[in-house]
Amino acid sequence: MSFSGENVVSEHLGHLGLVAGVINDLGIIDKIDSRLELQEHKGGIVSYGRRVAAMVINGLGFMNSRLSMTSHYFKDKPVAQLLGDEITAEHLNDDCLGRALDKIAEYGVTKLYSEISFEIAKEKNLLSQRMHMDTTSFSLTGRYDVEIEDSSPVPTYGYSKDHRPDLKQVMMSLIQNGEANIPLWMEPLDGNTSDTTSFHKTVHRV
């Protein structure tokens, strides 16, 4: 709760303080910022690391909302305590977050994720020789009939682990490591990818 003159403003922290604390303890913001450079001369205010932290915090409490609603989600949250004194809810609009996703796609989603997760696991002494690997499917709505020219996963029909064979989908491959089962590798795949072929390629890459 904060006071401004005669006005009293109530802000909801809930479990989000713990989430922000873990993000800071693991150094996720700094690790992202060291890889994704913010161009302040082009008007950048919120670092890419803080944008990702905002999306993580938002995702844990508002998962089914569109990206454009993120700033609305943070309206009654103590943004300064969660993300830094210089950031307000208005900064976390869909343009700001969308540019962060574009920057991550340019860098490489799997590359960024695996670099950071491996670095954290190494710092926390969580690595071992044992790994667990599996894939899952994510059903999509919409037509998705535009040809994809880059390395993005292709939404298409395939074996649905989500039990929705009527919908197109994309797949995700995940590898966990050690007794803590920390996720070390995350890779999006085409919707018709078969485990029997993708597993061999994934193991080789990891």
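Okay, so let's go over this structure. (Residues numbered from 1 in each chain as written. Predicted model: local features only at pLDDT ≥ 70, side-chain atom pairs only at ≥ 80, totals over all residues. Heavy atoms only, no water.)

**Description of the environment of Gly-44**
Line of reasoning, step 1. Position of Gly-44 among the secondary structure elements: in the loop between α2 (28–33) and α3 (48–59).
Line of reasoning, step 2. Not counting the four nearest positions on each side in its chain, Gly-44 is found in contact with Leu-38, Gln-39 and Arg-51. (Helix = DSSP H or I, 4+ residues; strand = E, 2+ residues; numbered from the N terminus. Contact = heavy atoms within 4.5 Å.)

**A few points about the packing of aromatic side chains**
Line of reasoning, step 1. The tally for this structure, following the rule as stated, stands at one aromatic pair.
Line of reasoning, step 2. Both rings, one in Tyr-73 and one in Phe-74, keep their centres 5.2 Å apart while their planes meet at 80 degrees; by these two values the pair is edge-to-face.
Line of reasoning, step 3. The exposure class assigned to Tyr-73 is buried, which follows from its relative accessible area of 8%.
Line of reasoning, step 4. Under the relative-accessibility criterion, Phe-74 is labelled buried at 0%.
Line of reasoning, step 5. Taking NZ or CZ as reference, Lys-77 lies 4.2 Å from the ring centre of Tyr-73, over its face. (Phe/Tyr/Trp six-rings, centres within 6.5 Å; stacked < 30°, edge-to-face > 60°. Buried < 20%, exposed > 50% of the residue type's maximum accessible area, 1.4 Å probe, protein only. Lys NZ or Arg CZ within 6 Å of the ring centre and 35° of its normal.)

**Here we look at the layout of surface pockets**
Line of reasoning, step 1. Taken as a whole, the second largest pocket encloses approximately 410 Å³ of empty space.
Line of reasoning, step 2. Surrounding the second largest pocket, 14 residues form its lining, Val-109, Ser-151, Ser-152, Pro-153 and Pro-188 being those nearest its centre.
Line of reasoning, step 3. Considered class by class, the residues forming the lining of the second largest pocket number five nonpolar, four polar and five charged. (1 Å grid on protein atoms, 1.4 Å probe; cavity = no way out; pocket = protein on both sides within 12 Å on 5 of 7 lines; lining within 4 Å. Points joined across faces, edges and corners; volume = space filled by probe spheres on them. Nonpolar A, V, L, I, M, F, W, Y, C, P; charged D, E, K, R; others polar.)

**Quick notes on the packing of helix α6 (residues 94–107) against helix α7 (residues 109–123)**
Line of reasoning, step 1. At a closest axis distance of 5 Å, the pairing of α6 and α7 adopts a crossing angle of 85 degrees. Between α6 and α7, the angle falls in the class roughly perpendicular. Between α6, through Ile-104, Ala-105 and Tyr-107, and α7, the contact on the second element is made entirely by Val-109, Lys-111, Leu-112 and Glu-115.
Line of reasoning, step 2. Its residues placed into classes, the contact of α6 with α7 shows five nonpolar, no polar and two charged. (Axes fitted to C-alpha atoms, helices over the stretch in contact; angles between N-to-C directions. Parallel < 35°, antiparallel > 145°, perpendicular 65-115°, else oblique.)

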